[in-house]
2 protein chains.
Amino acid sequence: MTTPHNPSAEDSLIARYFKPLATDPGAFGLVDDAAILSSSGDDIVVTTDAVVEGVHYLATDPPDTIARKALRVNLSDLAAKGAAPAGFVLTLALRSKEDAWLRPFADALGEDARSFGCPLLGGDTVSTPGPQMISITAFGRVPKGRMVGRTGAKPGDRILVTGTIGDAALGLDVLTGGAAATALTSDPAAREALISRYRIPQPRNVLAQAVRDHATAAMDVSDGLAGDLTKLCAASGVSATLNVASVPLSPAAAGLVARNAICVETLLAGGDDYEVLCTVPQAQSDALMEAGRAVGLAVTAIGTIVAGYERPRFLDGQGQELALKRLSYSHF
Amino acid sequence: MTTPHNPSAEDSLIARYFKPLATDPGAFGLVDDAAILSSSGDDIVVTTDAVVEGVHYLATDPPDTIARKALRVNLSDLAAKGAAPAGFVLTLALRSKEDAWLRPFADALGEDARSFGCPLLGGDTVSTPGPQMISITAFGRVPKGRMVGRTGAKPGDRILVTGTIGDAALGLDVLTGGAAATALTSDPAAREALISRYRIPQPRNVLAQAVRDHATAAMDVSDGLAGDLTKLCAASGVSATLNVASVPLSPAAAGLVARNAICVETLLAGGDDYEVLCTVPQAQSDALMEAGRAVGLAVTAIGTIVAGYERPRFLDGQGQELALKRLSYSHF
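An unreviewed UniProt entry lists chain A under the name Thiamine-monophosphate kinase, with Bradyrhizobium rifense as the source organism. UniProt, in its Sequence similarities (unreviewed entry) section for chain A, records the words "Belongs to the thiamine-monophosphate kinase family."

The partner chain B presents 74 residues to the 75 residues of chain A that form the contact. Between chain A and chain B lies a buried interface of about 6,000 Å² when both sides are counted; carbon and sulfur atoms form 61% of it. Residues A:Arg150 and B:Asp33 are paired through a salt bridge, measuring 2.9 Å at the closest nitrogen-oxygen approach. If you look at where chain A meets chain B, you find 27 residue pairs in polar contact (both at pLDDT 80 or more). Sorting the residues of the side of chain A that touches chain B by element identifies helix 1 (9-18), strand 1 (35-37), strand 2 (42-52), strand 3 (84-94), strand 4 (120-127), strand 5 (133-143) and strand 7 (217-221) of chain A as the ones contributing at least two each. Per element, the largest residue contribution to the side of chain A that touches chain B is 10 residues, and it comes from strand 2 of chain A.

Okay, the pattern of salt bridges next. Residues and elements named next belong to chain B. Considering all chains together, one arrives at 38 salt bridges over all chains under this definition. In this structure, Asp61 and Arg199 form a salt bridge, with 2.7 Å as the shortest nitrogen-oxygen distance. Of this pair, Asp61 sits in the loop between strand 2 (42-52) and helix 2 (63-80) while Arg199 is found in helix 6 (residues 188-199), placing the two residues 138 residues apart along the sequence. With respect to class, Asp61 is no different from Arg199; both count as buried. Here Arg313 ties to Glu321 by a salt bridge, and the two come within 3.2 Å at their closest N and O atoms. A relative accessible area of 36% places Arg313 in the partly exposed class.

Put simply, the two copies of the chain differ by a rotation about an axis and a shift along that axis. After a rotation of 180° and a shift along the axis of 0.0 Å, chain A superposes on chain B with an RMSD of 0.0 Å. Viewed as a symmetry operation, the transformation between the two copies matches a two-fold axis. For chain A, the smallest separation between a C-alpha atom and the rotation axis is recorded for A:Gly130, amounting to 2.2 Å. The overlap is high: 99% of the interface residues of chain A also sit at the interface in chain B, so the same surface is used on both sides.

To continue, consider the sheet that holds strand 2 of chain B. What links the strands of a sheet is backbone hydrogen bonding, and the strands pair in either a parallel or an antiparallel sense. In spatial order, the strands read 1(A)-2(B)-5(B)-3(B)-4(B); together these five strands make up an open sheet with mixed pairing. Looking at strand neighbours, the two that pair on one side only are strand 1 of chain A together with strand 4 (120-127) of chain B, the edges of this open sheet. Recorded for the sheet is a direction-independent mean angle of 20° between the axes of neighbouring strands. As defined by bridge partners, strand 3 (residues 84-94) of chain B adjoins strand 4 of chain B across seven bridges and the pair is classed as parallel. Following the sheet pairing, B:Phe88 is matched in strand 4 of chain B by B:Leu120.

Right, let's talk about unusual backbone geometry for a bit. Residue and element names in this part refer to chain A. The backbone phi angle of Leu30 is positive, close to 65°, even though this residue is not glycine. On the secondary structure map, Leu30 appears in the loop between helix 1 and strand 1. Among the residues examined, Leu30 registers a relative accessible area of 18% and is labelled buried. The backbone of Tyr274 shows a phi angle near 55°, a positive value even though the residue is not glycine.

With numbering aligned to this structure, UniProt lists the feature "domain: PurM-like N-terminal" (unreviewed entry) at residues 32-142 of chain A. Secondary structure content for residues 32-142 of chain A is 32% helix and 39% strand, and the end C-alpha separation is 27 Å.

This part covers the UniProt feature "binding site: Mg(2+) 4" (unreviewed entry) in chain A. In the numbering adopted here, UniProt assigns the feature "binding site: Mg(2+) 4" (unreviewed entry) to A:Asp33, A:Thr47 and A:Asp77. Spanning 45 residues, the annotated positions stay apart in the fold, the maximum distance between their C-alpha atoms being 26.0 Å. The contacts of A:Thr47, once residues within four sequence positions are left out, are A:Asn74, A:Asp77, A:Leu78, A:Ile136, A:Thr137, A:Ala138, B:Asp33 and B:Ala34. Polar side-chain contacts of A:Thr47 include one of 3.0 Å to the side chain of A:Asp77. Following the sequence through the fold, A:Asp77 ends up in helix 2 (residues 63-80). The contact partners of A:Asp77, leaving out residues within four places of it in the chain, are A:Thr47, A:Asp49, A:Asp220 and B:Asp33.

This brings us to helix 3 (residues 99-115) of chain B. Residue and element names in this part refer to chain B. Here helix 3 contains 17 residues, and its C-alpha end-to-end distance of 24 Å stays within 8% of the 24 Å for a straight helix at 1.5 Å per residue. Turning to helix 3, its buried residues are Trp101, Leu102, Phe105, Ala106, Ala108, Leu109, Gly110, Asp112 and Ala113. On its buried side, helix 3 packs onto helix 1 (9-18), helix 2, strand 3 and strand 5 (133-143). Phi turns positive one or two residues past the end of helix 3, at Gly117, with a value near 65°.

Residue and element names in this part refer to chain A. With mixed pairing, six strands are arranged side by side in an open sheet as 7-9-6-10-8-11. Looking at the sheet topology across the chains shown, the edges are occupied by strand 7 and strand 11 (313-315). Along the sheet, successive strands turn relative to each other by an average axial angle of 25°, direction set aside. Running over the sheet, helix 11 (residues 282-294) touches strand 6 (158-162), strand 9 (275-280) and strand 10 (299-306) and is turned about 10° from strand 6.

Summed over the entire model, instances satisfying the criterion amount to seven aromatic pairs over all chains. With 6.5 Å between their ring centres and 80° between their planes, A:Phe18 and A:Phe105 make a pair best called edge-to-face. Within this pair, whereas A:Phe18 is found in helix 1, its partner A:Phe105 is found in helix 3 (residues 99-115), the two being separated by 87 residues in sequence. Ring geometry for A:Trp101 against A:Phe105: centres 4.7 Å apart, planes inclined by 20°, an arrangement best described as stacked. On the criterion of helical spacing, the pair formed by A:Trp101 and A:Phe105 is a turn pair, its members being four residues apart in helix 3. Taken together, the ring pairs connect A:Tyr17, A:Phe18, A:Trp101 and A:Phe105 into an aromatic cluster. Positioned above the aromatic ring of B:Tyr198, the side-chain terminus of B:Lys69 is 3.8 Å from the ring centre.

Conventions used here
Residues numbered from 1 in each chain as written. Chains lettered and ligands numbered in written order. Predicted model: local features only at pLDDT ≥ 70, side-chain atom pairs only at ≥ 80, totals over all residues. Heavy atoms only, no water. UniProt positions renumbered as here; feature names shortened; annotations may be inferred. Contact = heavy atoms within 4.5 Å. Buried area = accessible area lost by both parts, 1.4 Å probe. Salt bridge = Lys/Arg side-chain N within 4 Å of Asp/Glu carboxyl O. Polar contact = N/O pair within 3.5 Å; in protein donor to acceptor, adjacent residues only side chain to side chain. Helix = DSSP H or I, 4+ residues; strand = E, 2+ residues; numbered from the N terminus. Buried < 20%, exposed > 50% of the residue type's maximum accessible area, 1.4 Å probe, protein only. Least-squares fit on C-alpha atoms with pLDDT ≥ 70 in both. Pairing = 2+ DSSP bridges. Axes fitted to C-alpha atoms, helices over the stretch in contact; angles between N-to-C directions. Expected span 1.5 Å × (residues − 1). Phe/Tyr/Trp six-rings, centres within 6.5 Å; stacked < 30°, edge-to-face > 60°. Lys NZ or Arg CZ within 6 Å of the ring centre and 35° of its normal.

Next comes the structure, spelled out in structure tokens:
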């Protein structure tokens, strides 16, 4: 149980580390119990994602990367929904309030809040005797009725994905001494690149408006491309064929696959990609890919939505179906 | 670290326990990554509060009361801001997903969501090896620019508080075998009443509109009346005199004070009251008290806002200043 203590400890902590992040007038400088998202013509998109020490990040991860990951997994949801970031609230469950951890955490969170235009609106800091946990609820704005859902995919739509798939799963594999660590013993640059993809997601908010303009359905890839596509299809009442050979891979991932050092399941079911997966009518897929090129982001066609309710089929380069033993990464 | 597992475990858990709570169309039946708060002329009030096992509730507390407390501490913030509940998102960090715990938890959460008109919009369930934690971000609506803040208290305003103060702190004292437990050995009814106040807050949402109509500043009393009044005064740039003898007490609390079984500090600094503390111009204080009477809720004048920046003064029945050793309950 708790002990009565310095009554202003939580307030001091908030004032010291987090008030500088509360730049939006609706945050009231964090002196109120509540914040305001001002009335506008827009719908407010709400998303919430938590990260837990030892589950979603490693206890040895640097605090600045933990902060960025906690915010960016939420920004990634907003990007996939076609929403412009509007702000976030933060729940921070801490074992202690050490400056050596909080200072780089708050600084990095502030940098990301600024660069993504997503100011801190409020939050709650609580003590916990257990693992640290950061829960963020983020808000975005879309014109009324224009959020991109999961339910609109239609037979004939092309399946597009941003960036590259599987790098974060390989980064975790490197950090935990798995097959990728062994295979990349002599390639520190590749190891670092993969670790960085695990620790610091690159949410695709630059593409949010184009997703809103063109996609019939979208979600971010957080639990593995194969499983997330399966969820999107189920929500839309459709099926899909996915060409595994078309799935975009980084040079490091492609090299590991070519050497048979890792299996393709690791990439397709690995999770933590935080890329946008979306379905787009054939006639508009070029426009979305062009929008990606305009901002320096690869957008790749990897398959097609088909009618039916069965699980998506994953085809190899010869058109043969691959039997994936698992589709997703689950923390339960 | 995690182990790859049944990919649909989290989805099954959500579908089984929480989908029935997602009655708002903006929740999309919890099949999307995000929810929608529809555009309206109103400002959206956002508040977030987390409860941690062993910190904000006891590991032995029944799951239904934990659910109610987690939601109600947030509803209490909305009430104090003058906002009508609009919905909430839930982050649930669980050690396990046992039906014996989740079923009563979800059922009670659903009952409160219905009775307070605050539907579940979305959430995230994560596994944790540590204590359970429930973080809720709740949303309310107020007419544009009408949220009741902390900064508007003016010298001459009366200080009003709803309900009774100190019962929850005494309830915790009973549960943890403190002085109140000893003093109430032969009074099981009083013990139960106090424990209930600790476990199940009674947020004053029925009074939200009257608070919005009359209060210059308001907050809910969560960390102790003395400390929370001090925070409100600091935010408003004013001071206050509080008449301790006027602070409304339940019969159980009043009896313990009369017998000198507990000291008044336990009541004033104890926390977990979840009553509304507000400041109201003299001319409107009767109207707010009348609004309370109309809904069967005591609203009591306990002091006056005065000019100055010093800490509020706490006066006994003879007008002598009490020196409180502590003002708040802190979890740090």
